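Here's the letter readout for the chains.
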Amino acid sequence: MQFYIPTKVFIEDDCVASHKDIFKTYGKRAFIVTGRHSSKINGSLDDVTTILDEYAIPYEIFSDVEENPSVETVEKAAEQGKAFQADFVIGIGGGSPLDAAKAIALLINNPEETGEALTVLKDIKALPVLAVPTTCGTGSEVTGVSVLTYHKKQTKGSIPYRIYPEIALVDGKYLLSAKKSIVVSTSIDALCHSLESYLHAKADSYNRMFSSYGLRLWGEIKDLLHSPGPLDLATAQKLMMVSTVAGMAIAHTGTSLPHAMSYRVTYKLGLAHGKACGLFLAAYLREYAKNDPDLVNEALSFLGFDDLDLFDAFIRSLMGPITVSEEDLTSFADTFLANDSSKLGTYPYEISPDAIREIFRTSFTLA
Ligand code: NAP
Ligand code: ZN
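Rules and cut-offs
Residues numbered from 1 in each chain as written. Chains lettered and ligands numbered in written order. Predicted model: local features only at pLDDT ≥ 70, side-chain atom pairs only at ≥ 80, totals over all residues. Heavy atoms only, no water. Domains from an automatic or database assignment. Contact = heavy atoms within 4.5 Å. Buried area = accessible area lost by both parts, 1.4 Å probe. Salt bridge = Lys/Arg side-chain N within 4 Å of Asp/Glu carboxyl O. Polar contact = N/O pair within 3.5 Å; in protein donor to acceptor, adjacent residues only side chain to side chain. Helix = DSSP H or I, 4+ residues; strand = E, 2+ residues; numbered from the N terminus. Nonpolar A, V, L, I, M, F, W, Y, C, P; charged D, E, K, R; others polar. Near = heavy atom within 4 Å. Areas by Shrake-Rupley, 256 points an atom, 1.4 Å probe, with all protein chains shown as cover.

Colleague: Before we move on, could you go through the domain arrangement of the protein chain and cite the residues and values that matter?
Modeller: By the assigned domains, the protein chain splits into domain 1 (8-174) and domain 2 (179-366). Relative placement of domain 1 and domain 2: their C-alpha centres are 26 Å apart. Listed per partner, the contact involves 27 residues of domain 1 and 25 residues of domain 2. Taking both partners together, domain 1 and domain 2 bury about 2,100 Å²; carbon and sulfur atoms supply 62% of that area. For domain 1, the biggest contributors to the area lost against domain 2 are I11, C136 and K156; these three give 27% of the whole. Connecting domain 1 to domain 2 are zero salt bridges. Scanning the region where domain 1 abuts domain 2 turns up seven residue pairs in polar contact (both at pLDDT 80 or more). When residues of the side of domain 1 that touches domain 2 are traced back to their parent elements, those giving at least two are strand 1 (8-11), strand 6 (147-150) and strand 7 (155-158). Within the side of domain 1 that touches domain 2, the residues separate by chemical class into eight nonpolar, 12 polar and seven charged.

In C-alpha cells, the structure reads:
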C-alpha cells in the first residue's frame, strides 16, 4: 500500500481570505491562470487578487483557458508567464484552468522547453502551484495530473509529470453562481472518480477510504442534483468535499475505463468531461459485476442504490440521452481498441474486445 498526497488542503467557508498568508509563502510574482468568464463572476478571482494587492505581490492574469485545455494554450500562457518572470502560479477555476496551471508552471520554470516537454518525461520541475477550484468534479486541486488536448492526435491525455498543487483552497461558495448543468456534469465526474478508484486494479484500503467516503457523500446529495432549485451553501460545500475526496482517491489509483473511453468521445462530440465519463458508468459496472458482483453491489449500496438497474436509470435521467450514429459508435470502439488498450491494465480482469464494444454500444442512444 502507498499513501502520497503532498497538497495542503483547506475545505472551509471563505478559506482564500482566512488563509491569505499562504500567498506570501510560495513566491514574489504570481501568474494567475483561469477560464474566460466564470472566475470573474463567482468571486474567486477577486478574492485572490484582493489579497495579492494587499500584500503588494505583483501578478499577471492569463484568462484564456478553454474547456479541455490544449497544449497550444498552455504554451501561449507559459510565454506570458516567462516574460512576466513569474515564480509561482495560481490556478483558479474548473479542472481545465487547474490542469493548465500545472503544465504552465512546468514550462515557465524551464524556459528552454517547448510544448514537446509535455509529452516526454524529463528531470525537470514545475513552479509552485496554488489551486482554487470552482467546479465540483475533477479534484485536480489534490492530484498531480494534468490532462491536455492534443489536437494533432485528436484526443486528450495526461502529461507524464505529476505536479501536485502546494495548496488547495476549496470553498463551495464559488459554485453558487454555476448553472445546474455544470454542477450536475462535474458532480458526475466526481462520482466516476470515486467508483473507478474503488474498483481499480490498483485499489487498496487507503484509496478505498477516500472513494467509499466520496460515494457515501454523493449518495447524500444525489437527489438534490435532480431538483430544479438553486444550490444552498451547505450543499455546495458538500459537493466540493465529494470532488476533493474523490480526487484524493484517484491520486492513488488513477482513473479507469470510463475515463479512458471518454477522451475521444469528448474530442469528437464536444461533451462536458463529466458527462462523457458518466456515459459509460452503468455499462462498465455491468461488465465488472460479471466478475465481482459483491464489490459492485457494495459500491452501489454506499450510493444508496439497491441494484444496478436503479443506478442506470438514475444516471440516464440525470444526463439525458447521448445520441451518436452507428458509424461513430463503431469508430469510437475501434479507435479505443487500436490505440488505448494500455488503459485496460486499470481493469482488474480480462476483458474481451467484444465486451468493450458492448460497453460502447449500450452506453449511447443510436441516432
Ligand atoms: P472546466 O472545463 O474547467 O469548466 C467547464 C465550464 O464551467 C466552463 O465554461 C467554465 O467557465 C465553467 N465554470 C467553472 N467554474 C464555474 C463556476 N463556479 N460557476 C459557473 N461556471 C463555472 O470543467 P471541469 O469539468 O471542472 O474540468 C474538466 C477538465 O478537467 C477536463 O479537461 C478533464 O480532462 C480535466 N480533469 C482533470 C483531472 C485531474 O485529476 N487533474 C481529473 C478529471 C478531469 P470559464 O471557462 O468561464 O471558467
Ligand atoms: Zn474526471
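Colleague: Tell me about the site of ligand 1, and name the residues and values.
Modeller: Around ligand 1, a shell composed of 30 residues is seen, among which H37, S38, S96, T135 and Y174 lie nearest. Note that a nitrogen atom of ligand 1 is positioned 2.8 Å from one of the side-chain N or O atoms of T134. Note that a nitrogen atom of ligand 1 is positioned 2.7 Å from one of the backbone N or O atoms of Y174. In the complex, the protein chains occlude 90% of the 940 Å² of accessible area that ligand 1 would expose alone. Those elements that provide at least two residues to the shell around ligand 1 are helix 5 (95-109) and helix 6 (180-198). When its residues are assigned to classes, the shell around ligand 1 shows seven nonpolar, 17 polar and six charged.

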